[in-house]
Amino acid sequence: MKRTMLILPLVVLVGLVIGVAQAYAAVPTINGLLGAGGDITEWNNKTPVAYPYYLDIPDPQEAGILAAYNIERVILLQELDAFGGDGDGGNNDGVYLLIQTYATPSLVDQDGAGIGASVSLTADFNGDGIVNQGAGYPPDVRIIIENNGVIDTEAGDQIFACFGASGTCNSFNPTYTILWNGGPVGTTPAGFQYDRGTDAFEMFIRTGTLGTPPGVPFPQVFYGTITDDDGTNNPDDTAKGTLIPEPASMILLGMGLLGLAGYKKFRSK
């Protein structure tokens, strides 16, 4: 029993050391590359110091949906220096989104009927249970990625977002902001990054902009749907996920409490 009580605090200490070491791991690089030049592990949650806001949705390859429009994995995370960040003073703090497909992602309209291919995120960020139409902070949001038809590459993509802090983000009265219009020019907000590469759609929204909390974890439940549409009447591919934010600091606190409990039990003997 005495040996066990001595080992327990040591395990807690090792956990804290590992947590500090991993707190400064690199954040995801927005380049659309995972297999060729990129690394999917950069998107994986870090333990025991995890991202304070992390959602990972694997999605099977459905029959009847082209691989380029077939969602393989969706990751949404929030990176903050104060909660397991990369130690860069907040320069890369913000929300990261990965949409990986089973083949090189495409936005070509497959039947040419003018509907257009797109990838969209529709989410309830403020926890009121009303997707894309709620009010409050943080606001609900809808993000749409589509191509302008010039060339089917990242350079020809356009991204529109609707943030419904005032209840305007709905199909009856949408108020869209242009996040990306053929590259980081014009109305593209400062700090916003986007790329569509050979493996995935990736984007980054800097903390404190476009409805994201400034330097603190999202306080609310997230419920969202990612839809990949090839522009035809064929079935769309969708991935859905729900999470409740749990800051990494709570994990470390729990480990510390376990250590104290063990020590107290040892003393009582």
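Just above sits the structure.
These notes cover the structure that comes with them. None of the values given here were measured: they were computed from a predicted structure. Here, residues in each chain are numbered from 1, in the same order as that chain's written sequence. The predicted origin of the model limits local features to residues at a pLDDT of at least 70 and limits the giving and counting of side-chain atom pairs to 80 or more, whereas totals for whole chains, interfaces and linings rest on all residues. Where side-chain values are given, they derive from all heavy atoms of the structure, hydrogens and water being excluded.

1. Observations concerning the packing of aromatic side chains
- Pairing of aromatic side chains here covers Phe, Tyr and the six-membered ring of Trp, requires ring centres within 6.5 Å, and sorts the geometry by plane angle: under 30 degrees stacked, over 60 edge-to-face, intermediate tilted. Applying the stated criterion across every chain yields a total of 6 aromatic pairs.
- Where Y51 meets Y54, the ring centres are 6.2 Å apart and the plane angle is 15 degrees; that geometry is what we call stacked. Each member of the pair, Y51 as well as Y54, is classed as buried.
- An aromatic cluster of at least three residues, connected via ring pairs, comprises W43, Y96 and F204. Only protein chains enter the accessibility calculation, which uses a 1.4 Å probe. A residue is then buried if its area is under 20% of the maximum for its type, exposed if over 50%, and partly exposed in between.

2. Here we look at the sheet that holds strand β5 (residues 141-147)
- At least two bridges found by DSSP between two strands is the condition for calling them paired. Numbered from the N terminus, helices here are DSSP runs of H or I no shorter than four residues, and strands are runs of E no shorter than two. With antiparallel pairing, 6 strands are arranged side by side in an open sheet as β7-β6-β5-β4-β10-β11. Of all strands in the sheet, those bounded by a partner on one side alone are β7 (176-181) and β11 (237-243). The average undirected angle you get between the axes of adjacent strands in this sheet is 15 degrees.
- Where strand β10 (residues 222-229) and β11 come together, 7 bridges link them in antiparallel fashion. Bridge pairing in β11 places I226 opposite A239. Only the stretch in contact is used when a helix axis is fitted, and all axes are lines through C-alpha atoms; the angle between N-to-C directions ranges over 0 to 180 degrees.

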